[in-house]
Amino acid sequence: MLVFIARRLLLLPVVFIGVTLALQLLMQLLTPYQRAAAYVQSEQQMNRLDEIVVLYGLNDPWYVQYGRWLGQVAKGNLGYSRISRQPVLQTIGQRFPATLELAIFAIIPVIGVGIWMGTAAALNRDKLIDQVTRVMSIIGWSLPTFVLGIWLLVIFYGWLGWFQPGRVSVEYLTELAGNPDFKTYTRMLTLDALLNGRFDVFLNALKHMVLPVITLAVVQSAQIMRVMRSSLLDALGQDYVRTAKAKGLAPQVVTRKHARRNALIPVITLAGFVLIGLINGVVITETIFNYPGLGQWAAQAATNLDYAAVLGFAVFTAMMVVLANLLVDVLYGIVDPRIRYV
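Because the structure is predicted, anything quoted here is derived from the model rather than measured. (Residues numbered from 1 in each chain as written. Predicted model: local features only at pLDDT ≥ 70, side-chain atom pairs only at ≥ 80, totals over all residues. Heavy atoms only, no water.)

## So, the overall build of the chain
- The helix and strand inventory of the chain stands at 16 helices and two strands.
- Counting the 342 residues in the chain, one finds 43% classified as buried.
- When the accessible surface of the chain is totalled, it reaches about 18000 Å², and 66% of it is carbon and sulfur.
- Computed over 28 positive and 18 negative side-chain charges, the inter-centroid distance for the chain is 11 Å. (Helix = DSSP H or I, 4+ residues; strand = E, 2+ residues; numbered from the N terminus. Buried < 20%, exposed > 50% of the residue type's maximum accessible area, 1.4 Å probe, protein only. Areas by Shrake-Rupley, 256 points an atom, 1.4 Å probe, with all protein chains shown as cover. Lys, Arg positive; Asp, Glu negative; His and termini not counted. Charge placed at Lys NZ, Arg CZ, Asp CG, Glu CD.)

Set out below in structure tokens:
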């Protein structure tokens, strides 16, 4: 397994250079002054774009600019964001924990519900539970995220007043901003609240994540449910499953140890992409629920033509994709040992 992981790690720089090279070629579609925003590190430098264009040679050939830009990225300089009025890397560092917190709470029901319902549907093919599950998956997958989010917001916030948008209630936000005793350890509010012994803040933050998590779980788990059902049905029809049944093994053992394990391979691929989407910030969901994560910031940057922020977000997304692909490859090797020797 260590050799398998080492081979995948050696491929990471190649993949990263390929992704950043594609980003650099896309940057060439912008004017030199728009590209200069990626090198700005303060508000004062925004008024000196002519000097920055000359200083960084933004009229040079693209491959020269790529090497220079890659050097800046390696030093952690992703430019200055006009929206957040601070360096892009600093903004990502402040916003990422909120998005990661939402992703952690969302990925559990997304994958758990998807695999459980997909398995139940495949083991009860053409029965009532299968029909109900298939209808639910079609409805869930057909619902646009922004429609479901707005419906939930209207019902549970506008009518019932149960769940508010945002990351935490205004009264707690005001209290925590002026409370030096509340220590920030991880920037994930639920975890920091527990570490500070503030269970009331933990419950309040948890309550604010209910609607975003439901929105993500309904849409994303429907996709995993459909893939799990079709993959398990295919595995149940294979010769090795029939052989296991002929040997007299219990149906639960055949399903758990033989069929479901092989059926998980396409689910792992899909779950990896779902996780990438969640970690990189769910733009629509965070915008609808006013959740201060990477997705909300990226949406604001795009609508205000903040080139440095958009480019920095793209680089961050590329890095997350590379790491998630490594995670998926490692999970492949765990689920199917044959892959380790390919």
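More follows now that the structure is in view.
## Observations concerning the packing of helix H7 (residues 145-159) against helix H11 (residues 210-236)
- As a packed pair, H7 and H11 sit with axes 10 Å apart at the nearest point and diverge in direction by 145 degrees. Taken as a pair, H7 and H11 cross one another with a handedness that is right-handed. Seen from H7, the contacting residues are Thr 145, Leu 148, Gly 149, Leu 152, Leu 153 and Phe 156; seen from H11, they are Leu 211, Ile 214, Thr 215, Val 218 and Val 219.
- Partitioning the contact of H7 with H11 into residue classes produces eight nonpolar, three polar and no charged. (Axes fitted to C-alpha atoms, helices over the stretch in contact; angles between N-to-C directions. Left-handed = near helix turned anticlockwise from the far one by under 90°. Contact = heavy atoms within 4.5 Å. Nonpolar A, V, L, I, M, F, W, Y, C, P; charged D, E, K, R; others polar.)

## Here's the deal with the pattern of salt bridges
- Under the definition given, this model contains seven salt bridges.
- With a shortest N-O distance of 3.9 Å, Arg 134 and Asp 126 are connected by a salt bridge.
- Accessibility expressed as a relative area gives 32% for Arg 134, which makes it partly exposed.
- Between Arg 229 and Asp 130 there is a salt bridge, with the nearest N and O atoms lying 2.8 Å from each other. Residue Arg 229 is located in helix H11, and its partner Asp 130 is located in helix H6 (residues 128-142); the two are separated by 99 residues in the primary sequence. Each of the two residues, Arg 229 as well as Asp 130, counts as buried.
- One connected set of salt bridges, linked through shared partners, spans Asp 126, Asp 130, Arg 134 and Arg 229. (Salt bridge = Lys/Arg side-chain N within 4 Å of Asp/Glu carboxyl O.)

## Considering the nonpolar core
- Residues Trp 69, Ile 92, Leu 232, Val 274, Leu 278 and Trp 297 are the most contacted members of the largest nonpolar core, which totals 48 residues.
- Listed by contribution, the elements that provide at least two residues to this core are helix H1 (2-27), helix H4 (62-74), helix H5 (88-123), H11, helix H12 (239-246), helix H13 (251-279), helix H15 (294-303) and helix H16 (307-335). (Core = buried A, V, L, I, M, F, W, Y, C linked by side-chain atoms within 4.5 Å.)

## Details of the confidence of the model for the chain
- Scored by pLDDT, the chain comes out at a mean of 82, with 94% of its residues at no less than 70.
- Of all helices and strands in the chain, the one with the weakest mean pLDDT is H1 (75), whereas helix H10 (residues 199-208) scores best (92). (pLDDT = per-residue confidence, 0-100.)

## Comments concerning H10
- Taken as a whole, H10 has its buried residues at Val 201, Phe 202, Asn 204, Ala 205 and His 208. The buried side chains of H10 occupy one side of the element, clustering within an arc of 165 degrees when seen end-on.
- Those residues of H10 hidden inside the fold are in contact with helix H8 (170-177), helix H9 (189-195) and H11. (Arc of directions from axis to C-beta.)

## Remarks on unusual backbone geometry
- Look at Arg 85: it is not a glycine, yet its phi comes out positive at around 55 degrees.
- With respect to the helices, strands and loops of the structure, Arg 85 is situated in the loop between strand S1 (80-81) and strand S2 (86-87).
- A positive phi angle is found at Arg 187, which is not glycine, with a value near 65 degrees.
- In this structure, Arg 187 sits in the loop between H8 and H9.
- Given the relative accessible area of 42%, Arg 187 is considered partly exposed.

## A closer look at a nonpolar patch on the surface
- A surface patch of nonpolar side chains, amounting to about 1000 Å² of accessible area, comprises Phe 146, Ile 150, Trp 151, Val 154, Ile 155, Trp 159, Leu 160, Trp 162, Val 283 and Ile 284.
- For the nonpolar patch, the elements supplying multiple residues, two or more each, are H7 and helix H14 (283-288).
- Among the elements that take part in the nonpolar patch, H7 stands out by supplying six residues, more than any other.
- With respect to the helices and strands, the residue Ile 155 is situated in helix H7. (Patch = residues over 30% accessible without salt bridge, like charges linked within 9 Å, V, L, I, M, F, W, Y side chains within 5 Å.)

## Structural notes on the environment of Asn 325
- Its place among the elements puts Asn 325 in helix H16.
- For Asn 325, a relative accessible area of 32% gives the class partly exposed.

## Observations regarding the packing of aromatic side chains
- Enumeration according to the criterion identifies five aromatic pairs in this entry.
- Both rings, one in Trp 62 and one in Tyr 63, keep their centres 5.8 Å apart while their planes meet at 85 degrees; by these two values the pair is edge-to-face.
- The exposure class assigned to Tyr 63 is exposed, which follows from its relative accessible area of 53%.
- One aromatic cluster is present, built from ring pairs that chain together Phe 156, Trp 162 and Phe 163. (Phe/Tyr/Trp six-rings, centres within 6.5 Å; stacked < 30°, edge-to-face > 60°.)

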